[in-house]
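Each chain, written out:
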Amino acid sequence: MVKSIKVILYPFDLLTSAGSRVILQLIKFVWIFTAVCYFSPHNDFKKSHCVAFLRLRLFSSSLALTIPRLQQFISFLYRSNANTMNETFMKEKPVLPLLVSMALPNVISMLVNSLYNIVDSLFVARISEDAMTALSLVFPIQNFANAIAIGFGIGINAMIALYLGAGDRKKAETAATHGMALSLIHGILITIVSIAIMPGFLRRFTSDAGLIASGITYSTIVFLFATINMAALAFEKMFQAVGRMKVTMAALIFGCVCNILLDPILIFGLGPVPAMGIAGAALATGIGQLLSLCVYLFVYVRTELPVRLRRSCLRPDAALDGRLYAIGVPAILNLALPSLLVTFLNGLLAGFSQSYVVVLGIYYKLQTFLYLPANGIVQGMRPLIGYNYGAKQHARVKKLYELTLIMSAAIMAAGTVICLFASRPLMQLFTSNPETVAIGQTALRIICLGFVVSAVSTTSSGALEGLGKGAESLVISLCRYIVFIMPLAAVLCHFLGANGVWHAFWITEVLSAIVAYPVYLKAVGKC
């Protein structure tokens, strides 16, 4: 028993020795929180299971919560999730508390995922700089594979919600079944294609044999789990479509935390487990994805859902599959376009100074956290707006859109204030170079001028995806990431220097908002 506890605490010891005490505390908290969610009555588990698990008290007293308080929290979960077996709560519950209850688990999930990405990079960086470089080289293909999984999942989510809202449960189950089957096919194809092209892809960026070997090792293991990841993300969108947000939160957190726990064990070795280096990092990622899928499968088998995967629904349906791809393909492109924009802007900024390139990278790291709560609200809105439109609850659709827009704008207003008055300390989190900090201060203060108005584009795009209008959503994304910003950045940098690129951001958000709102209204009118 003592040996087992030492194994569990080993990653925490490594983090402590590295001086990352804040991350340590966050991981411990997330692990306990995951346990509560995983064994919560929202997943149809008995209260006694959760209490028994928590009585193990594996973690330090600094984070220990009393059992009575945890029992109160569990009782709250019982009360708050009483209606989750019946998806009609999405058209009956008051709009504001409904939107908050759907959005909050998404925000928490995204925060944990961001934390995982940081910690995972810390462990890989401890192997060697070459390991981090190999990881960076593989990232574009890995990111595109994730974009396919998430983007097609958005199509599954939208179709299930629309059909359930219209009262057509059979069609919703057919959409879920076809979506899962196609996701599995996508995973198999991605595994084969990615592993086949990776050696040639890596040689385009480096001639270092060691880097290429590390990249091939990492990518081969990661992409062998592609089908599992596709299935997990398809389940995530399926659960979200029926309002089971806390299940998706628990599954993601469980997988991420287990990945973090496994990283140091598999990378550096522990007891009988050999040190595997970068292969261990890849294996930890794959196991984390597998464990998330296991959570979904366990909950799916043990609980009743409004939508089930059925063999009888596997009959060919070209029209339905076409609608899944009509929403999924634009969503995939929406997720891939930012990478194209960053590549383009890096080319412009590199002509002035490498410091500007660094600042752009820092901005996108900060943007992840600044936009994260707003993105969580949009994700919570997506199935709600689809369900209510399918149910012909047009007044609720309008209110959902307006509330999401107001809440997103308020969050982005707070982000604007932070960037205006705390730009220097924000930049100093990532660099101590005075020149880079000064450039970053200017960049943040200019870019943030477009934060509030960007809520119009992000809300409209998310609402259109929820309504099954993937092409219209893509139009907005093309405006934000290509049509406006690329020409503006190229022209303005000739007149204003590198600062012209920063000005292109807020001007683009204003122009995109002018396009986005009419596109949304027109699409809703045609539905």
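These figures come from a predicted structure and were not determined experimentally.

Enquirer: Just to check I follow, could you spell out the overall build of the protein for this structure?
Expert: A count of helices and strands for the protein gives 21 helices and 0 strands. Counting every position in the protein, which comprises 527 residues, the buried fraction comes to 55%. Here the analysis covers contacts within the protein between residues at least 6 apart in sequence; of these, 81% occur between residues at least 24 apart. A total accessible area of about 22400 Å² is found for the protein, and carbon and sulfur atoms account for 66% of it.

Enquirer: Would you explain the nonpolar core in this entry?
Expert: Formed by 42 residues in total, the largest nonpolar core has its most connected members in I190, M198, L202, Y218 and F223. At the level of secondary structure, the elements contributing two or more residues to this core comprise α6 (95-125), α7 (129-165), α8 (169-203), α9 (209-224), α10 (226-241), α11 (245-268) and α12 (278-302). Among the elements that make up this core, the one with the highest residue count is α7 (10 residues). Other than its neighbours up to four places away in sequence, L202 contacts L137, V138, I212, G215 and I216. Of all hydrophobic cores here, the second largest spans 40 residues; its members include M427, I447, M486 and V501.

Enquirer: Hey, could you run me through helix α19 (residues 470-483) in this one?
Expert: Helix geometry: α19 is bent most strongly at S477, by close to 30°. Of all the positions in α19, only G470, S473, L474, I476, S477, C479, R480 and Y481 are classed as buried.

Enquirer: Just checking my understanding: could you explain the confidence of the model for the protein for this structure?
Expert: Do not read the fine detail of predicted coordinates wherever pLDDT is low. When pLDDT is averaged along the protein, the result is 79, and 82% of the positions lie at 70 or above. For the protein, the element scoring lowest by mean pLDDT is helix α3 (residues 47-54), at 38; helix α20 (residues 485-496) scores highest, at 93. This model gives residues 1-27 a pLDDT under 50, and the stretch forms 44 contacts once residues within four places in sequence are excluded. Here residues 29-85 is a poorly scored stretch, pLDDT under 50, and it has 94 contacts once near neighbours within four places are set aside; other chains count.

Enquirer: I would appreciate a short explanation of the packing of aromatic side chains in the present structure.
Expert: Each aromatic ring pair is characterised by the separation of its centres together with the angle its planes make. Tallied over the entire structure, the rule returns 9 aromatic pairs. Look at F235 and F239: their rings are 6.3 Å apart centre to centre, the planes differ by 45°, and that puts the pair in the tilted class. Pair noted here: F235 and F239 are both in helix α10, with a separation of 4 residues, about one helical turn. Its relative accessible area of 0% is what places F239 among the buried residues. Following the ring pairs from residue to residue traces out a cluster consisting of F235, F239, Y296 and Y300. The ring centre of Y300 lies 3.9 Å from the NZ or CZ of R308, which sits over that ring.

Enquirer: Any chance you could explain a nonpolar patch on the surface here in plain terms?
Expert: A cluster of nonpolar side chains, I188, I192, V193 and I197, forms an exposed patch at the surface whose accessible area comes to about 350 Å². You can see I192 is positioned in helix α8. Take I192: its relative accessible area is 54%, and that puts it in the exposed class.

Enquirer: Would you mind going over the pattern of salt bridges with me for this structure?
Expert: Side-chain pairing between opposite charges can occur once the charged atoms of the two side chains come close. Throughout the structure, instances matching the rule amount to 5 salt bridges. Of the charged contacts in the structure, one is a salt bridge between K237 and E236, with a shortest N-O distance of 3.4 Å. The two residues K237 and E236 agree in class, both being buried. A salt bridge links E465 to R382; the shortest N-O distance between them is 3.1 Å. Taken together, the residues E465 in helix α18 (residues 451-466) and R382 in helix α14 (residues 354-390) connect sequence positions 83 residues apart. Exposure remark for E465: the relative accessible area of 5% places this residue in the buried category.

Enquirer: How do you make sense of the packing of α14 against helix α17 (residues 434-447) when you look at a structure like this?
Expert: Two packed helices can be described by the angle between their axes and the distance between those axes. Running from amino to carboxyl end, α14 crosses α17 at an angle of 50°, the nearest separation of the two axes being 9 Å. One way to sum up the angle between α14 and α17 is to call them oblique. With respect to the hand of their crossing, α14 and α17 are arranged in right-handed fashion. Contact with α14, carried on its side by S355, Y356, V358, V359, Y363 and L366, involves E435, T436, I439, G440, A443, L444 and I447 of α17 and no other residues of that element. Of the residues assigned to the contact of α14 with α17, the class counts are 9 nonpolar, 3 polar and 1 charged.

Enquirer: It is not clear to me how the side chain of Q441 should be interpreted in this structure. Could you clarify?
Expert: Mapped onto the fold, Q441 is located in helix α17. Those residues in contact with Q441 that sit more than four places away from it in its chain are S423, R424 and M427.

Enquirer: Explain the packing of α8 against α10 to me, please; I cannot follow it from the model alone.
Expert: Put simply, α8 and α10 touch, their axes get as near as 7 Å, and they point 155° apart. Of the possible angle classes, the one that applies to α8 and α10 is roughly antiparallel. At the point where α8 passes α10, the crossing takes the right-handed sense. Taking contact as the criterion, the partners of A176, M180, S183, L184, H186, G187, I188, I190 and T191 in α8 are, on α10, A226, T227, M230, A231, A234, F235 and M238. Considering only residue class, the contact of α8 with α10 consists of 11 nonpolar, 5 polar and no charged.

Definitions and limits used
Residues numbered from 1 in each chain as written. Predicted model: local features only at pLDDT ≥ 70, side-chain atom pairs only at ≥ 80, totals over all residues. Heavy atoms only, no water. Helix = DSSP H or I, 4+ residues; strand = E, 2+ residues; numbered from the N terminus. Buried < 20%, exposed > 50% of the residue type's maximum accessible area, 1.4 Å probe, protein only. Contact = heavy atoms within 4.5 Å. Areas by Shrake-Rupley, 256 points an atom, 1.4 Å probe, with all protein chains shown as cover. Core = buried A, V, L, I, M, F, W, Y, C linked by side-chain atoms within 4.5 Å. Bend = angle between axes of the 7 residues up to and from the residue. pLDDT = per-residue confidence, 0-100. Phe/Tyr/Trp six-rings, centres within 6.5 Å; stacked < 30°, edge-to-face > 60°. Lys NZ or Arg CZ within 6 Å of the ring centre and 35° of its normal. Patch = residues over 30% accessible without salt bridge, like charges linked within 9 Å, V, L, I, M, F, W, Y side chains within 5 Å. Salt bridge = Lys/Arg side-chain N within 4 Å of Asp/Glu carboxyl O. Axes fitted to C-alpha atoms, helices over the stretch in contact; angles between N-to-C directions. Parallel < 35°, antiparallel > 145°, perpendicular 65-115°, else oblique. Left-handed = near helix turned anticlockwise from the far one by under 90°. Nonpolar A, V, L, I, M, F, W, Y, C, P; charged D, E, K, R; others polar.

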